[in-house]
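This is what each chain is made of:
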Amino acid sequence: MSNITPLLERNKEFARTGAHVGLTPVPKHQVFVVTCMDGRVDPAHILGLDLGDAAVMRNAGGRVTEEVVREVAFIATMAEVRFGEAAPPFEVVVIHHTACGSGLLADPDFRRTFAERIHADEDSLADQAVTDPNATVRVDVDKLTTSSLLPAQWSVSGHVYDVDTGLVSTVAAASPTPTG
């Protein structure tokens, strides 16, 4: 049996509920969450989100890369095309967490091995390490708040999830984008 088999069985039950019917690509709460792919940091659980409540993007460390900025811009463009002048303002919520596995990128041996595997530059990988989530979340909020790709009415906030306590604390309160 494949690892996915029991999950596909759960999917059949989900499909029977009809919870997916009538949802739109624009999230109900006008929130775009950027967080880590770590299984302990599922925004549906830690933020109490239901299907369709928020757009969510997860990657190693929850870091804001150029690709993440482009994906946020995609959602912004989609909302603007769908709603025009009445497009709702979104908040981009960046959440880093304690005890993040991306901290391994700070270790030169791990970073070298990983860089060889993915054919990447070791130095650029070092910048992706989350060893101090309070510091890295501020860096990532700054990347978004200084991006000209986000609409003027959007805002960005930064938070840290503590995997031991289960609490999310605000490190950077919502602030507007540069054109806001």
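Placed above this text is the structure.
Let us look at the structure shown here. (Residues numbered from 1 in each chain as written. Predicted model: local features only at pLDDT ≥ 70, side-chain atom pairs only at ≥ 80, totals over all residues. Heavy atoms only, no water.)

### Digging into the side chain of Asn59
Residue position: Asn59 is located in strand β2 (residues 55-59). Accessibility expressed as a relative area gives 16% for Asn59, which makes it buried. In terms of polar contacts, Asn59 uses its side chain to reach the backbone carbonyl oxygen of Arg63, at 2.9 Å. Residues within four places of Asn59 in sequence aside, it is in contact with Thr35, Cys36, Met37 and Val68. (Helix = DSSP H or I, 4+ residues; strand = E, 2+ residues; numbered from the N terminus. Buried < 20%, exposed > 50% of the residue type's maximum accessible area, 1.4 Å probe, protein only. Polar contact = N/O pair within 3.5 Å; in protein donor to acceptor, adjacent residues only side chain to side chain. Contact = heavy atoms within 4.5 Å.)

### Here's the deal with a nonpolar patch on the surface
A surface patch of nonpolar side chains, about 330 Å² in accessible area, is lined by Leu104, Phe110, Phe114 and Ile118. Classification of Ile118 as partly exposed rests on a relative accessible area of 39%. (Patch = residues over 30% accessible without salt bridge, like charges linked within 9 Å, V, L, I, M, F, W, Y side chains within 5 Å. Areas by Shrake-Rupley, 256 points an atom, 1.4 Å probe, with all protein chains shown as cover. Salt bridge = Lys/Arg side-chain N within 4 Å of Asp/Glu carboxyl O.)

### A short note on the pattern of salt bridges
For the coordinates displayed, the defined rule picks out eight salt bridges. Between Asp109 and Arg112 there is a salt bridge, with its nearest N and O atoms 2.5 Å apart. Within this pair, Asp109 and its partner Arg112 are both found in helix α4 (residues 108-118), separated by three residues, close to a single helical turn. Looking at Asp109, the relative accessible area reads 49%, which means it is partly exposed. You can call Arg112 partly exposed: its relative accessible area is 34%. A network of salt bridges, in which partner residues are shared, links Arg63, Asp140 and Lys143.

### Topic: the sheet that holds strand β4 (residues 155-161)
The five strands are arranged β2-β1-β3-β4-β5 in an open sheet whose pairing can be described as mixed. The open sheet has two edge strands with one neighbour each: β2 and β5 (168-176). Ignoring which end each strand starts from, the neighbouring axes of this sheet average 15° apart. Alignment of strand β3 (residues 91-97) against β4, held across seven bridges, turns out to be parallel. Counterpart to Val94 in the pairing with β4 is Gly158. Along the sheet face, helix α3 (residues 66-83) touches β1 (31-36), β2 and β3 and points at about 160° away from the line of β1. (Pairing = 2+ DSSP bridges. Axes fitted to C-alpha atoms, helices over the stretch in contact; angles between N-to-C directions.)

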